[in-house]
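# Secondary and tertiary structure notes
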Amino acid sequence: MLGDKLTPLQRRILRTLAGRFTPPWTLTGGAALAGFHLKHRPTRDLDLFWRGQPVLGALPREVEEILRSAGLEVATIQAGMTFHQLRVTDGLDVCVVDLVAERAAPLERPVQGEVDGLPLLIDSPHEILVNKLCALLGRGELRDLLDLKVLLESGLDLERALAAAPQKDGGFSALTLAWVLRDLRPASVAKQYGLSDPEAAELATFHGQLIQRLLAGSAPE
């Protein structure tokens, strides 16, 4: 059952694309957390991964045709062999849909979910945690730090995720991540994500503790 953090448009897109591709795509990122795992924050994106595929090939065109046939307006934001980004709207709301081809197999088998009775694959929390660590290294966005905090509070193992991250990003290291995180100022932008002052302060504390634990080579308590 979907959580209430996904928008009606996101649900419509997932429902429209569910079961339409072989091999199937896997939902990951913020939407997997918002709709199925943590349900802690809304997101405006959908991240659909085709694993074990070196390139997307004709998949973006097929996705666009299916969405348009369902009455949605679709425009390409960014096109590439392994990454294709779409802007999808129903006239009332807008969702950015990222289509990604990832040559490597997932670290863990995706879990089975459903949207309005239609089956779909969803990345496991551990898989998303590893991806979030790599995303923080590459882009340093507050939403990734927030997701990382909640994932670790749910009981996931940071040390295990740190050990697995180089399988996703060959340039990953805990030391490099700690260095990148030093330039992130969570308290200064927390209000953009609707965080209260206490929540912003809590995130800032987590940020500092995470850096120290990364430098020390152990997980935050």
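Our structure's up above, just so we're on the same page.
So, how was this worked out
Residues numbered from 1 in each chain as written. Predicted model: local features only at pLDDT ≥ 70, side-chain atom pairs only at ≥ 80, totals over all residues. Heavy atoms only, no water. Axes fitted to C-alpha atoms, helices over the stretch in contact; angles between N-to-C directions. Helix = DSSP H or I, 4+ residues; strand = E, 2+ residues; numbered from the N terminus. Left-handed = near helix turned anticlockwise from the far one by under 90°. Contact = heavy atoms within 4.5 Å. Nonpolar A, V, L, I, M, F, W, Y, C, P; charged D, E, K, R; others polar. 1 Å grid on protein atoms, 1.4 Å probe; cavity = no way out; pocket = protein on both sides within 12 Å on 5 of 7 lines; lining within 4 Å. Points joined across faces, edges and corners; volume = space filled by probe spheres on them. Phe/Tyr/Trp six-rings, centres within 6.5 Å; stacked < 30°, edge-to-face > 60°. Buried < 20%, exposed > 50% of the residue type's maximum accessible area, 1.4 Å probe, protein only. Pairing = 2+ DSSP bridges.

## What to know about the packing of helix α2 (residues 29-37) against helix α4 (residues 125-139)
- Where α2 contacts α4, the two axes come as close as 10 Å, and the packing angle between them is 145 degrees. Here α2 runs over α4; the crossing is left-handed. Between α2, through G29, G30, A32, L33 and H37, and α4, the contact on the second element is made entirely by P125, I128 and K132.
- Residues belonging to the contact of α2 with α4 are distributed by class as follows: four nonpolar, three polar and one charged.

## Points about the layout of surface pockets
- Estimates place the volume of the largest pocket at around 540 Å³.
- D47, F49, N131, A135 and R139 are, among the 23 residues lining the largest pocket, the residues nearest its centre.
- Listed by contribution, the elements that provide at least two residues to the lining of the largest pocket are α2, β2 (45-51), β4 (83-89), β5 (94-102) and α4.
- Sort the elements by how many residues they give to the lining of the largest pocket and α4 lands first, with six residues.

## Some words on the packing of aromatic side chains
- As enumerated under the stated definition, the model contains one aromatic pair in all.
- Between F21 and W50, the ring centres sit 5.5 Å apart and the planes meet at 85 degrees, which makes this aromatic pair edge-to-face. Pair noted here: F21 is in the loop between α1 (8-17) and β1 (26-28) and W50 is in strand β2, with a separation of 29 residues, a long-range link.
- Using a relative accessible area of 7% as the deciding quantity, one classes F21 as buried.

## Overview of the pairing of strand β6 (residues 111-115)
- Across five bridges, β6 lies against strand β7 (residues 118-122) in antiparallel orientation. Its bridge partner being in β7, V111 is matched across the sheet by I122.
- In textbook terms, the turn of a hairpin is the stretch between consecutive antiparallel strands, and for β6 and β7 this stretch comprises two residues, one of which, D116, has a positive phi near 50 degrees.

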